[in-house]
Amino acid sequence: MLKALRGTKDILPEEVCLWQSIETSARNIFAIYGYKEIRTPIIEEASLFIRSIGDATDIVQKEMYVFYDRSRRAIALRPEATASVVRAYIEDSLSHKEGLCKLYYIGPMFRSERPQKGRQRQFHQLGVEAIGSGDSLLDVEVILLAVSLLKALGINDFSLQINSLGCEKDKLAMIEDYRKVLRPYLDSLCRECNTRYNKNILRVLDCKNPGCREIVKGIKFKDSLCPACSGHFESVKKGLNQLGIAYTVDRKIVRGLDYYTKTVFEITQKELGAKDAICAGGRYNNLVKDMGGKDTPAIGFAFGVERLALSLKGLGLEAFSQRIFIATPEKLLRSEERRVGKECRSRWSPYH
Ligand SMILES: [Zn+2]
Ligand SMILES: [Zn+2]
């Protein structure tokens with residue numbers, strides 16, 4: 001018998017209802033906040049992701065699906081959407097059409113990971129990218145949007161963790177500090193973390209190995225933000241306080257990808273555990289410039305749709321399809337039944 005590939009799944013009709021309600025809520029809220037949908041291709045040149053996400057990341061090194069087409073070009077199935085959206089922003093000159101460009105996307109992404117709860121090789125994300133402003137108010141608005149979406153879906157038992165990676169200079173200082181602090185633990189860290197130590201030390205903080213997690217948990221890292229970045233982070237916190245959005249500052253949230261700068265955040269939910277964020281995002285102020293565009297600050301986030309569906313199921317909040325039953329007395333003509341059915345469909349649905 002032929003089976004679906006490992007790490008891929010059929011989303012069957014009874015579950016599709018739940019997915020549709022998640023997507024509809026997301027579309028409605030994104031529209032209220034002024035975001036417009038963009039649909040980028042599922043395949044892109046592999047170099048797009050290598051350049052933006054970083055060639056020393058797990059995504060690029062181990063998880064990205066890459067194949068060679070007939071003209072021997074390296075093509076990747078997109079492992080995430082930010083790089084594609086930024087590519088489209090530059091290529092399609094979206095900056096000329098609108099000042100602050102607010103975009104959202106919904107669709108499948110691909111990473112060759114070990115499949116487990118809420119983690120598939122073809123998985124789905126919905127997210128936003130706001131490109132064109134470095135204002136801390138935008139950070140607050142983007143975080144508010146993520147929180148509003150969860151609340152609209154009926155998910156309230158989540159927690160928000162925020163951090164700031166600072167500008168490029170701060171990030172370098174932070175890396176230096178991590179090198180110093182982690183050096184005595186090198187023998188106890190896993191083999192991969194030993195490689196990460198040299199190539200990409202921030203990733204040690206993302207390691208899933210329990211031994212490494214325990215070590216990282218016990219370490220205190222220095223705050224290395226410059227006055228401007230520190231001021232920006234303070235304004236973000238102040239904005240969140242004013243809106244009554246609860247958060248904790250977690251210096252160990254660094255996000256795994258190279259392009260993040262300044263504000264980064266993660267939202268976790270009880271049902272999924274602390275290890276798997278339901279939403280993750282942050283600023284990427286240098287990415288547009290690094291990819292050949294103008295110097296344009298930006299921020300975004302992505303939700304895992306499988307994880308949202310799992311949370312909703314855990315809360316017993318499942319969507320159901322609407323049905324109308326037409327009961328007719330035995331003697332009534334079947335044609336009359338059909339007429340009523342047709343009438344109902346024409347009133348309640350555009351498809352009849
Ligand atoms: Zn700075
Ligand atoms: Zn490790």
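Residues numbered from 1 in each chain as written. Chains lettered and ligands numbered in written order. Predicted model: local features only at pLDDT ≥ 70, side-chain atom pairs only at ≥ 80, totals over all residues.

## Considerations on unusual backbone geometry
Logical step 1: One non-glycine residue, serine 93, lies in the positive phi region at around 50°.
Logical step 2: Along the chain, serine 93 turns up in the loop between α4 (82-91) and α5 (94-97). (Helix = DSSP H or I, 4+ residues; strand = E, 2+ residues; numbered from the N terminus.)

## Focus: the sheet that holds strand β4 (residues 74-77)
Logical step 1: The sheet built from three strands is open, its strands ordered β2-β4-β3 with antiparallel pairing. Because the sheet does not close on itself, it has two edges, and the strands there are β2 (43-45) and β3 (66-68). In this sheet, neighbouring strand axes are inclined to one another by 40° on average, regardless of whether the strands run parallel or antiparallel.
Logical step 2: Taken together, the three bridges between β2 and β4 define a ladder with antiparallel strand orientation. By the bridge assignment for β4, glutamate 45 is matched with isoleucine 75. (Pairing = 2+ DSSP bridges. Axes fitted to C-alpha atoms, helices over the stretch in contact; angles between N-to-C directions.)

## A look at helix α6 (residues 136-153)
Logical step 1: Here α6 contains 18 residues, and its C-alpha end-to-end distance of 26 Å stays within 8% of the 26 Å for a straight helix at 1.5 Å per residue.
Logical step 2: Buried within α6 are the following residues: Ser136, Leu138, Asp139, Val140, Val142, Ile143, Leu145, Ala146, Val147, Leu149, Leu150 and Leu153.
Logical step 3: Following α6 by one or two positions, glycine 154 adopts a phi angle in the positive range, close to 95°. (Expected span 1.5 Å × (residues − 1). Buried ≥ 20, exposed ≤ 12 C-beta atoms within 10 Å, placed from the backbone.)

## So, the domain arrangement of the chain
Logical step 1: We note that the domain assignment places domain 1 (13-166 + 225-321) and domain 2 (327-352) within the chain.
Logical step 2: A C-alpha centroid distance of 45 Å is found between domain 1 and domain 2. (Domains from an automatic or database assignment.)

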